[in-house]
Amino acid sequence: MPSTPAFSAPPDPGRAGTLDDLAGCLRALKVWAGDVSYETITARVNAAWTAAGRPPAELARRTTVADCFRPGRRRLNPDLVAAVAAALHPDPGYGAQWQQALRVVGGETAAAGQVRVQDRLPPPFAEFTGRTGVLHRLRAAVRQRPGTFSIVGMAGVGKTLLAVQAGHLLIQDRPFDRVLFVNLRGFHPDPAQPPADPSAVLDGFLRLLGVPGHRIPHDLPGRGSALRERLTGLRSLVVLDNAADAEQARPLVPAVDGCVTLVTSRRALHGLPAVTDVPVDVFSPQEAVRFLTAAAPGVPAGRDPDATARVAARCGHLPLALGLVGGHIRAKPGWTMTDHAERLDERHRDRRLDTGVELALALSYQDLPADRQRLLRLVALHPGQDFDVAAAAALAGDPVPAASSAAAPPGFVVTGGSVVPGGSPAEGGAAGPAGCGAAGAVDRVEAASRGLRELRRDHLLQETTPGRYTLHDLVRVYADGRAGDEDAPPERRAALTRLFDHYLAVAAAAMDVLAPAEAHHRPRVAAPAAARPGDVDAARGWLDTERSNLVAVAGYTAAHGWHRHTAQLSATLAGYLNGGHHGDALSIHRAAHQAACHAGDLPGQAAALTALGATRLRLGDDGAAARHLREALHLFRRTGDRTGQARASAAIGDVEQRLGRYRQAAYRHRQALRLCRVTGDRTGEAHALTKLGIVEERLGRYRAAAGRHEQALALFLAVGDSAGEAAARCNLGDVAARLGDHDRAAGHLHRALELYRRAGNRDGEAWTLDNLGTAATLRGAPSEALELHRRALAIHRATGERYGEAKVLNGLGEAARATGDTAAALAHHTAACAVAAATGDRHQRADAETGIGLALPAGGLPHLRTALDLYAELGVPAADRLRALVAARTDG
């Protein structure tokens, strides 16, 4: 550390709200540490990583380290940033602050974590032609030695088509054991759709390869290693489409024997290891003519035998432009190629269109039927990454209900006319516009589906997976501009309102299937809905598939004046997001709060603040959580909302409990219990009893805790709340294990695990696995406990649940000590201590200090004394037990 620091204390990363803030804080830390060189920082980082067992191939480079300090970054490598901070100030507590700040800011930039991966290539393009030489060389190179190939060229040159065609040809040459494909969004025109986070891509790849969520490492290098391990020994094809740069692509390249990786980008990818460059230029004149002839067969040349070459030249020989013009030519039967060439010349002179793409887009668009022009303009307004037929139909004004199950997705229920969650018109709301009968709705949905297929045929849309579509960046920009020119603002706003109604209504229907007992806590959505999910798998599948779009919709509606939609989306999705999607929850609830503030909506502000506070608490930011929740309680009191007061009081009680202030926590939960009983909210009453049971358990009053949890379970079962039942059983199982009733503990915990997994609640699954691990240690099976705790730890780290992480680490330490592995026990408890110190969890810190003291018989007394002081402050029975041990060691 510097002898004369520029600041009296290192900068606080907890104040950072954006990636630029973090980079600025890192620069300030560098100055505080004596403005050491990037070479020195890199050496320190690599020394620490080498000591931790990281292989040489995964060590940091100077340029990569220096990039961490640069402003304007759209993503950061959290592991590297944390390592850099540790290299500049190797204090464990300060390092924990950086880890926490990275998690919080990571939640703020969750859009980068939204990415769709596939285990197959997109469909081949039947009209693909040209690139014979490139494809021949690429296939020959792969036959000689599989490896990494970067396909680089300008926008519109056909990189994606080439990569997909090459992939299909390579599969024909010799089938692959595994195929992975992803669009990395390196150059999306919408700032709300940043380049995909490599860590999220790896998470998706590993899931496609069959790795359970609880076994996916939480760090980027770990996920990269897991991908390499999964692909080792297999013949595999990985296509990384539209990479922003080498930094984004590098962690995703497996670089194992037998793996072929194709990376497309507009930029040279010199930073990739052992990469073979495959530069792609516009077509040669001969290739362009062949392409046009195949795209529009049978068109006579007319007066000019070179007319096809003139058309190709006017398109700049660019594949995207040629494909679009080919669609225009097909739409003009009776015209000769000379007619088309002359028309292009005229338009170029009259409209001063400077590029082949712009000219081709204008011609392709002009020749579309009016309804298809309108559909293209409207889907370009969609704020998300891709969309399905239902969303396109909503934008176009076509209701989505269907007359038969054949028109609905698998697992969805269809009814005649417009439906809302539950299958009937909402009370007090419209049942849908006139003429929304089932037969007419089917016709309109089929029209939208047909229009999308035709736009794809005309090269104006791309089909990412069957039934889901996206636009090329250049097409999106053009179509959005046409919408601005041709559609009046009220028309565009009406289309987007229909889209947002659609997402809100189907989300509400899905939540009614997933959590019917909590329906009275969600807003009543009166807008017409699509076919609704008919079972839990369909509901969760729709929410998982559309989650990135729902995040985008929340951000867009908040920023552009659809405040009611933002607030209702936040309230509708809260229960689903609480299951482990904390970054997305932060984005959606922040948008809801912003919208409510703009609208002067006090109840909406209170609801959003409650959801934000609960999310911040799960991410370990108890200070922000407490501020949000106290403000929410104040607003609920101003508006006289006793149900809201109960929810806010209970959440404040959760904060107090996490901080070890058990008397204050019990007071808040009793307040919530009283309010729930006054308002007749039975599920709220059951949750309050559960929370009181947790407080009793933390105080060592296990029989009193069991009584509270039994009351809660009876209420949850009476109202049919499966999520509440899972929580009650998870806690009852833990109490039963501590009381020595291991059979009863196992019954409750395994039932809780089944319920949480069925609902897709990853946090609940992790808490239950942790309790199963504790129960295994208590009944003398520490080896089994270690595996259960490891699975829980992976989930908590993946979701960012910091309090759960500290508890699991302590559980791992206790299980390791029970096996006699004191070194592992010491490491786990030390890690738990750092996390608990960062989150302010005094109870877990006391447990960690106890574990450290027990693992260090010779020098552990100071740790045991620290633990004793903490237990005494908490007022828990562990203080009495530890006091005797400290006395015995002191006397000894």
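Residue positions are given per chain, counted from 1 along the sequence in the order it is written. Given that the model is predicted, a residue must reach a pLDDT of at least 70 before its local features are reported, and side-chain atom pairs must reach 80 or more before they are shown or counted; all residues, however, enter totals for whole chains, interfaces and linings. The basis for every side-chain value is the complete set of non-hydrogen atoms in the structure, without hydrogens or water.

A. Molecular detail of the overall build of the chain. When you go through the chain residue by residue, the secondary structure sums to 38 helices and eleven strands. Type-normalised accessible area, obtained with a 1.4 Å probe on protein chains alone, sets the label of each residue: buried when under 20%, exposed when over 50%, and partly exposed for intermediate values. When each of the 892 residues of the chain is scored for burial, the buried share is 56%. Working rule for contacts: check all heavy atoms of both residues, and any pair within 4.5 Å makes them a contact. Contacts spanning at least 24 positions in sequence make up 68% of the contacts within the chain whose residues lie at least 6 apart. To measure how exposed things are, a 1.4 Å probe is used in the Shrake-Rupley method; for residues, cover is taken only from the protein chains shown. Here the chain has roughly 35300 Å² of accessible surface; of this, 51% comes from carbon and sulfur atoms. Only DSSP runs of H or I reaching four residues or more are called helices, and only runs of E reaching two or more are called strands; each is numbered from the N terminus.

B. Region of the structure containing the confidence of the model for the chain. Confidence of the predictor in every single residue is expressed as pLDDT, which spans 0 to 100. Overall, the prediction assigns the chain a mean pLDDT of 84, with 88% of residues at 70 or greater. Below pLDDT 50 for its whole length, residues 1-7 participates in 13 contacts with residues either more than four positions away or in separate chains. Residue range residues 415-440 is modelled with pLDDT below 50. Its contacts to residues more than four positions away, or to other chains, number 47 contacts.

C. A look at the pattern of salt bridges. Each reported salt bridge corresponds to a side-chain nitrogen of Lys or Arg within 4 Å of a carboxyl oxygen of Asp or Glu. Summed over the entire model, instances satisfying the criterion amount to 45 salt bridges. For the salt bridge of R658 with E801, the shortest nitrogen-to-oxygen distance reads 3.6 Å. Here R658 is found in helix α26 (residues 642-658), whereas its partner E801 is found in the loop between α33 (782-799) and α34 (802-819), with 143 residues between them in sequence. Residue classification places R658 among the buried residues on the basis of a relative accessible area of 16%. Look at E801 and you get buried, because its relative accessible area is 2%. Because the salt bridges share partners, they merge into one network encompassing E725, R729, R751, E754 and R758.

D. Just the pairing of strand β9 (residues 462-465), in detail. Two strands pair if DSSP finds at least two bridges between them. One ladder, built from three bridges, connects β9 with strand β10 (residues 468-470); its direction is antiparallel. In the sheet register, T465 faces β10, and the bridge partner there is R468. The turn linking β9 back onto β10 is made up of two residues, and G467 within it adopts a positive phi angle of 90 degrees.

E. Just the packing of helix α6 (residues 132-144) against helix α7 (residues 159-173), in detail. Axis definition: a line fitted to C-alpha atoms, over the contacting stretch in the case of helices. Angles run 0 to 180 degrees between N-to-C directions. One can describe the packing of α6 onto α7 by two numbers: an axis separation of 10 Å at closest approach and a directional angle of 50 degrees. The pairing of α6 with α7 is recorded here as oblique in orientation. α7 is crossed by α6, and the crossing has right-handed handedness. Here α6 contributes V134, L135, L138, R139, V142 and R143 to the contact with α7, which in turn contributes L162, Q165, A166, L169, L170 and D173. Here the word oblique covers every angle except those under 35 degrees (roughly parallel), over 145 (roughly antiparallel) and from 65 to 115 (roughly perpendicular). Two helices that cross are described as forming a left-handed crossing if the nearer one is turned anticlockwise from the farther one by less than a right angle, and a right-handed crossing if clockwise.

F. Geometry of the packing of helix α36 (residues 842-855) against helix α37 (residues 861-874). Viewed as axis vectors pointing N to C, α36 and α37 meet at an angle of 155 degrees, and their least axial separation amounts to 8 Å. What the angle tells us is that α36 and α37 run roughly antiparallel. The two elements α36 and α37 meet at a crossing, and its hand is left-handed. Contacts between α36 and α37 involve R842, H843, R845, A846, D847, E849, T850, I852, G853 and L854 from the first element and H863, L864, T866, A867, L870, Y871, E873 and L874 from the second. Split by residue class, the contact of α36 with α37 holds eight nonpolar, five polar and five charged. Basically, the charged four are Asp, Glu, Lys and Arg, the nonpolar ten are Ala, Val, Leu, Ile, Met, Phe, Trp, Tyr, Cys and Pro, and anything else, Gly included, counts as polar.

G. Structural view of the nonpolar core. Here, the term nonpolar core denotes a set of buried Ala, Val, Leu, Ile, Met, Phe, Trp, Tyr and Cys residues that are joined through side-chain atoms within 4.5 Å. The biggest cluster of nonpolar side chains holds 107 residues, and the ones touching the most others in it are L376, V379, F387, L452, L543 and L573. It is helix α20 (residues 489-514) that contributes the most residues to this core, 13 residues altogether. Those residues in contact with L543 that lie beyond four places of it in its chain are A507, A510, M511, L514, L550, L573 and Y576. Among the nonpolar cores identified, the runner-up in size contains 34 residues, and A686, L715, A846 and L864 belong to it.

H. The environment of Q594, seen in detail. As for its position among the elements, Q594 is in helix α23 (residues 582-599). Each C-alpha atom of the pair Q594 and Q605 lies 8.1 Å from the other, and the pair is eleven residues apart in sequence. Ignoring sequence-local partners within four residues, the contact set of Q594 consists of A558 and A559.

I. Geometry of the packing of aromatic side chains. Side-chain rings of Phe, Tyr and Trp (the six-membered ring for Trp) are treated as a pair once their centres are within 6.5 Å; stacked means planes under 30 degrees apart, edge-to-face means over 60, and tilted covers the remaining angles. Tallying each qualifying case throughout the model produces eight aromatic pairs. Their ring planes at 45 degrees and their centres at 5.6 Å tell us that F283 and F291 sit as a pair that is tilted. The class for F291 is buried, based on a relative accessible area of 6%. Feature note: the residues F500, Y556 and W562 constitute an aromatic cluster, connected by ring pairs. Lysine NZ or arginine CZ positioned within 6 Å of the ring centre and within 35 degrees of the ring normal marks a charge as sitting over the ring. Its end group placed over the ring of Y38, K30 keeps NZ or CZ at 4.8 Å from the ring centre.

J. View of the sheet that holds strand β4 (residues 236-243). Taken in spatial order, the six strands line up as β1-β3-β4-β5-β2-β6 in an open sheet, and their pairing is mixed. Here the strands that pair on one side only, and so sit at the sheet edges, are β1 (117-118) and β6 (275-279). Bridge count between β4 and strand β5 (residues 259-265): six bridges; the pairing is parallel. Bridge assignment links V238 to a residue of β5, and that residue is T261.

K. Region of interest: the side chain of R235. Structurally, R235 can be placed in the loop between α9 (220-231) and β4. His is not counted here, nor are the chain ends, while Lys and Arg score as positive and Asp and Glu score as negative. No salt bridge is formed by the buried R235; the nearest opposite charge belongs to D173, separated by 6.6 Å. The contacts of R235, once residues within four sequence positions are left out, are L170, R174, P175, F176, D177, R178 and G258.

L. Layout of the sheet that holds strand β7 (residues 387-388). Ordered in space as β7-β10-β9, the three strands form an open sheet in which the pairing is antiparallel. The two strands at the open ends of the sheet, each matched to only one other strand, are β7 and β9.

M. Focus on the pairing of β5. Counting buried positions along β5 yields seven of seven residues, so the element is predominantly enclosed. Because side chains alternate across β5, one face comprises the buried residues C259, T261, V263 and S265, and the other comprises V260, L262 and T264, equally buried. Bridge analysis of strand β2 (residues 148-152) against β5 gives five bridges, and the strand direction is parallel. Opposite V152, over in β5, you have S265 as the bridge partner.

N. Examining the environment of L121 more closely. Summarising the element assignment, L121 is placed in the loop between β1 and α6. The spacing of L121 and V179 is 58 residues in sequence and 7.3 Å in space, taken between C-alpha atoms. Excluding its chain neighbours within four sequence positions, the residues that come into contact with L121 are V164, G167, H168, I171, V179, F181, L237 and V239.

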